[in-house]
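So you can see what is in the structure, the chains are spelled out below.
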Amino acid sequence: MNAPLAIAVRGPRKQLELSIGCVPLRFQMSDPQLLSAASARYAAFTDVAEQPITIALNDGAPSQDAPVEFGYELEGAALRAFSKGIRFDGVRNQYALDSLLRVLLSWKLLGHSGFLLHAATVVRNRKAYIFTGRSGAGKSTVASLSPQGSVLTDEISLLRREEGAWRAYGTPFWGEFRAEGSNTSAPVAGIFRLLQAAENRVETLRPMAILRALLPNVLFFSAEAEANRQLLEIISHAATEIPGHNLAFRQNATFWEVLPA
Amino acid sequence: MSTPAYVFWQKNPALAWREIDDETVIISPNDSVMHELNETGSFVWKNIDGRKSAAELAELLVKNFEVAPDIALSDTQALLEEMSSRKLVVTVPATGGVSA
């Protein structure tokens, strides 16, 4: 008996529309499994908006001759941004899609005076508290110690400067706490660099120290000079306009007692 | 060996930099490395424009800070050499063109 033929079935192109940090995105894809996984992963962030950024996902079309405005490759998956659209190719699963989405957002946010930061964001009294630090600094711990529903993200925060004021948005990018992100936003109360300690203590930082704390934790993937200049300008605004602090904390919920209201 | 005093210095055009609180942060996009300059280093950095030598930069330092000319020159040369080794600045020979 002949072995059954293996045919790569491609369904009709479907669309998945998202809005993350008020950046509208429209994925066009024909892989039903990837569509299903992405729809579930980003369920809280589905939204239909005018003039979304259109992303052709694994559409198999030959490469365009147009110059690439921004490109990034990660483990066989590739993002290429052209003047007339964006392509994600070689995306095998939702994790690769998630990685390229973070890369794309970090680049697109330049046009919105925004950036992505390794940080947990927790809303308290309608204000967003940003807790930043590398892996192991305590972001997920802070999230796990915060009331249910108050965590915008436990891993990747999105900050935007809107009409001279800073606002934090939830993202669907989660860490150990697996807070799946809340598609809401709040004005930023302050940025807190996490330091584990035996007692809770807050130390106010000068703008230069805030910049020093922010830069290593910013997600950015472009090596292009002008893009980096734009990013540095945005981060400098954040460092001079958002109150910043070192937060030494005991890894229990009492740290809220020392935070400025 | 130090760079001859008659060459001019200019910033590496591939860098991003900002000044905050009289200090300067410089980012090299290719390797995502962050460099910092203190107040006097920032002053020298601001005045690096491709048309000044180490001696001229040191003269400006003397006019704006309380520092002896010989110390200003040796410190400026040391700073430029250090920044050159980090590819933050390049020299411009008198005949034109840029060399690393």
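Residues numbered from 1 in each chain as written. Chains lettered and ligands numbered in written order. Predicted model: local features only at pLDDT ≥ 70, side-chain atom pairs only at ≥ 80, totals over all residues.

*Asks:* I keep staring at the sheet that holds strand β1 (residues 8–11) of chain B and nothing clicks. Help me out?
*Replies:* Backbone-to-backbone hydrogen bonds join strands into a sheet, with any given pair of strands oriented parallel or antiparallel. Residues and elements named next belong to chain B. Read from one edge to the other, the open sheet built from three strands follows the order β5-β1-β6, with strand pairing classed as antiparallel. Across the chains shown, the open sheet's two edge strands, defined by having one partner strand only, are β5 (52–53) and β6 (89–92). For β1 and β5, the ladder comprises two bridges, and the chain directions are antiparallel. Bridging across to β5, Phe8 finds its partner in Ser53. (Pairing = 2+ DSSP bridges. Helix = DSSP H or I, 4+ residues; strand = E, 2+ residues; numbered from the N terminus.)

*Asks:* Whenever I open this one, the sheet that holds strand β4 (residues 70–74) of chain A confuses me. Can you help?
*Replies:* Residue and element names in this part refer to chain A. With respect to topology, six strands assemble into an open sheet ordered β1-β2-β3-β6-β5-β4, the strand pairing being mixed. The strands lining the two open edges of the sheet, one partner per strand, are β1 (14–20) and β4. Neighbour to neighbour, the strand axes of the sheet diverge by 20° on average, direction disregarded. Note: strand β3 (residues 53–57) against strand β6 (residues 85–89), three bridges, orientation parallel. Within the sheet, the bridge partner assigned to Ile55 lies in β6 and is Ile86. Most of the contacts of helix α1 (residues 32–41) go to β1, to which it runs at about 25°, and overall it touches β1 and β2 (23–29). Running at roughly 30° to strand β5 (residues 77–82), helix α2 (residues 94–108) makes contact with β1, β2, β3, β4, β5 and β6 of the sheet. (Axes fitted to C-alpha atoms, helices over the stretch in contact; angles between N-to-C directions. Contact = placed C-beta atoms within 7 Å.)

*Asks:* Even after reading the chapter, I still don't get the packing of helix α4 (residues 207–214) of chain A against helix α5 (residues 225–241) of chain A, so can you show me in this structure?
*Replies:* Between two packed helices, both the angle of their axes relative to each other and the distance between the axes serve to describe the pair. Residues and elements named next belong to chain A. Running from N to C, α4 and α5 cross one another at 130°; their axes reach a closest spacing of 8 Å. When the interaxial angle is binned, α4 and α5 end up oblique. Two packed elements cross with a definite hand, and for α4 against α5 that hand is right-handed. Along its contact with α4, which presents Pro207, Ile210, Leu211 and Leu214, the element α5 presents Ile235, Ser236, Ala238, Ala239 and Thr240. Among the residues forming the contact of α4 with α5, the class breakdown is seven nonpolar, two polar and no charged. (Parallel < 35°, antiparallel > 145°, perpendicular 65-115°, else oblique. Left-handed = near helix turned anticlockwise from the far one by under 90°. Nonpolar A, V, L, I, M, F, W, Y, C, P; charged D, E, K, R; others polar.)

These figures come from the coordinates and say nothing about function on their own.
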